[in-house]
Amino acid sequence: MSNDLAGVWEVALSDGVHRIEFEHGTTTGKRVIIVDGKEILRREWMFKLVGKETFSVGKSDTKATINIDAVSGFAYEYTLEINGKSLKKYMENRSKVTSTWVLNLDGIDCRVVLEKDTMDIWCNGQNIETAGEFVDDGTETHFTLGDHNCCVKAVSSGKRRDGIIHTLLVDGTAIAECTE
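Residues numbered from 1 in each chain as written. Predicted model: local features only at pLDDT ≥ 70, side-chain atom pairs only at ≥ 80, totals over all residues. Heavy atoms only, no water.

*Asks:* Before we move on, could you go through the pairing of strand β11 (residues 120–123) and cite the residues and values that matter?
*Replies:* As paired elements, strand β10 (residues 108–115) and β11 share 4 bridges and run antiparallel to each other. The residue bridging L114 from the neighbouring strand is I121, located in β11. In this sheet, strand β12 (residues 126–128) lies alongside β11 in antiparallel orientation, the contact comprising 3 bridges. Bridge pairing in β12 links I121 to I128. Connecting β11 to the antiparallel partner β12 that follows it, the hairpin turn spans 2 residues, and N124 within it adopts a positive phi of roughly 50°. (Pairing = 2+ DSSP bridges. Helix = DSSP H or I, 4+ residues; strand = E, 2+ residues; numbered from the N terminus.)

Okay, here's the thing in structure tokens:
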């Protein structure tokens, strides 16, 4: 690990939570980006100390950009953008378009993510094969995790503002949704 570490961010995507580290050598102009412990970009002897670096994160190659801005003198500010939005805005929007549950099945921690726009379901970084069906009060998306029967029920809240409520059932038991 270098002492040029300038920023560390944790980004929750459908395929998991990714750790992004950025090293910036302000005397040498060095820029290094490390995603999940793996170096994905290294530039040495950059004469322009400000600017941006764009790269991909996760299995869906989500676009990420680190902006390097001079604040004053030799002080710099580093900001991360995901898909063109600040990390804060991206995460706020993401909470509207996904539902996430964290549970332990047979001693294994599972992070289940529902992408509401596509109804894709991810578990620990793997896109899960599902079968959807319409039922009297909404839809059910069925899948299995190990030996467990799982289902995401989508039911109208009856209130326009609240929209559709998604509930994960594992072997018939409802699992509480978590906020990331």
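There's more to say after this.
*Asks:* Could you give me a rundown of unusual backbone geometry, with the residues and numbers involved?
*Replies:* The residue N83 is not glycine, and still its phi comes out positive at about 50°. Its place among the elements puts N83 in the loop between β7 (75–82) and β8 (85–86). The phi dihedral of D106 is positive, around 50°, even though this residue is not glycine. Looking at the secondary structure, you find D106 in the loop between β9 (98–105) and β10. Take D106: its relative accessible area is 61%, and that puts it in the exposed class. (Buried < 20%, exposed > 50% of the residue type's maximum accessible area, 1.4 Å probe, protein only.)

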